Amino acid sequence: MPAGHEPHAPKAASTAGGFPVFDRARQRRAQARAAAGYDTHAFLPREIAGRMAERLDYVTISPSRVLDLGCGSGADLAMLQARYPAATVIGIDACPEMLMAGRSPQDASLTTRLARFSKGLLGKSSTGAAFRAAASAEALPLPSRSLGLVWSNLMLADLADPRPAIAETARVLEVGGLWMFATLGPDTLRELRAAGVAAGAPALTHPFIDMHDLGDLLVHAGFADPVMDMEALTLTYADLGALLAELKGLGSTCALAGRRRGLTTASHWRELEAAYRHLPDGRLPATVEVVYGHAWKAERKTADDGRAIVRFMERPAGGSLK
């Protein structure tokens, strides 16, 4: 749930193609520092995973290979393996520290498994196995059309520009394969954002993509009939410090490029606390707009250069096409 508490306005709105620009190095440092204690703060990702799984109950698929893209410490891998026991389940995350933090005594062969994975050994001998690897969602070390299901729990929320990851997901899914995902919508942390504006610190949260715009990106990438819905969850905290501590524990600090660096002074902190809307019981609300979606990989109709793809079928000998 990307946010932070930079008290100063950004120097300028850095954008690329209409999307914000993130300081990726800062973002990854924050995630690496949070890795060891991540699971103690991960109530929201676990709650969202359960709600995603309920939606998956209505889909009948039997994938031979499943990818948890942005798997973090790997909490969803056991559920996916139990749901699809005959499948090879792969966990990929951009943060190696997160992957290592999720190791258990049963992961003694993790290094060997990563080596086998990196060589592309995803054949029948891997059936029912589980692999983990560190890789970017924008450059997956997987063959094209090699997966039947991609599961992404909040991975998209960490990306400034989701288009490369969407394109890669479309590439590695087989035709008819399913992408099941959850991400965050624009109303996420709206109370913190409003308090920041009132206190003269507007760059407190990342912008999140609207689900209608996300649907357009999915169709453009070759997904058929994406289905999305949204729900607003409200979490409450004893004070501002507790909210920001949880965000830090999740590795979710504001990584907007162009922001002004600087420590939060006591006066800035008081202004932010005073501006934050309190509930009648004194607690602080934090809205989380959760966007759930699924989409099927469609057969491509155009090549990368825009030319139409025309497929020809051989006429059966002695007969005609029906």
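Residues numbered from 1 in each chain as written. Predicted model: local features only at pLDDT ≥ 70, side-chain atom pairs only at ≥ 80, totals over all residues. Heavy atoms only, no water.

> Help me out: how do you make sense of the overall build of the protein in this one?
The number of helices and strands found in the protein is eleven helices and nine strands. Considering only residue pairs separated by 6 or more positions, the protein has 81% of its internal contacts joining residues 24 or more positions apart. For the protein, the computed accessible surface area is about 15,600 Å², with 55% contributed by carbon and sulfur atoms. (Helix = DSSP H or I, 4+ residues; strand = E, 2+ residues; numbered from the N terminus. Contact = heavy atoms within 4.5 Å. Areas by Shrake-Rupley, 256 points an atom, 1.4 Å probe, with all protein chains shown as cover.)

> Can you help me understand the confidence of the model for the protein in this one?
Low-pLDDT portions of the prediction should not be read for the details of their coordinates. Looking at the protein, the pLDDT average stands at 81 and 76% of residues meet or exceed 70. Counted against residues more than four places away or in other chains, residues 4–14, with its pLDDT under 50, gives 49 contacts. Across residues 318–322 the pLDDT falls below 50, and counting only partners more than four positions away or on other chains, this stretch makes five contacts in the model. (pLDDT = per-residue confidence, 0-100.)

> Would you mind going over helix H7 (residues 163–172) with me for this structure?
Each turn of an α-helix holds 3.6 residues, which means side chains three or four residues apart point in the same direction. The set of residues buried in H7 consists of Ala 165, Ile 166, Glu 168, Thr 169, Ala 170 and Val 172. Looking at the buried side of H7, the elements it contacts are strand S3 (65–69), strand S6 (147–153), strand S7 (173–184), helix H9 (211–220), strand S8 (223–237) and strand S9 (284–297). (Buried < 20%, exposed > 50% of the residue type's maximum accessible area, 1.4 Å probe, protein only.)

> So what exactly am I meant to see when it comes to the packing of aromatic side chains here?
By convention here, two paired aromatic rings are described through the distance between centres and the angle between planes. According to the stated counting rule, one finds two aromatic pairs in the structure shown. Centroid distance Trp 179 to Phe 181: 5.0 Å. Interplanar angle 50°. Geometry classified as tilted. As far as the burial class goes, Trp 179 and Phe 181 line up, both buried. The interplanar angle of 40° and the centroid separation of 5.5 Å between the aromatic rings of Trp 179 and Phe 223 together place this pair among those described as tilted. Of this pair, Trp 179 sits in strand S7 while Phe 223 is found in strand S8, placing the two residues 44 residues apart along the sequence. Considered together, Trp 179 and Phe 223 belong to a single accessibility category, that of buried residues. Within the aromatic cluster, the residues linked to one another by ring pairs are Trp 179, Phe 181 and Phe 223. For the cation-ring pair, Arg 55 lies above Tyr 292, with the distance from its terminal atom to the ring centre recorded as 3.7 Å. (Phe/Tyr/Trp six-rings, centres within 6.5 Å; stacked < 30°, edge-to-face > 60°. Lys NZ or Arg CZ within 6 Å of the ring centre and 35° of its normal.)

> What is the right way to read the nonpolar core from this model?
Nonpolar side chains in soluble globular proteins tend to end up buried together. Membership of the largest hydrophobic core comes to 43 residues, with the highest contact counts inside it found for Ile 48, Leu 56, Leu 149, Trp 151, Leu 192, Leu 240 and Tyr 276. For this core, the secondary-structure elements that each account for two or more residues are helix H3 (43–56), helix H4 (77–83), S6, S7, helix H8 (190–198), S8, helix H10 (240–249) and S9. Looking at this core element by element, the count peaks at six residues for H3. Filtering out sequence-adjacent residues up to four positions away, Leu 149 remains in contact with Leu 56, Ile 61, Pro 63, Arg 65, Val 66, Leu 67, Tyr 84, Leu 173, Leu 178 and Met 180. Grouped together as the second largest cluster of nonpolar side chains are 27 residues, Leu 67, Leu 69, Ala 133 and Ile 166 included. (Core = buried A, V, L, I, M, F, W, Y, C linked by side-chain atoms within 4.5 Å.)

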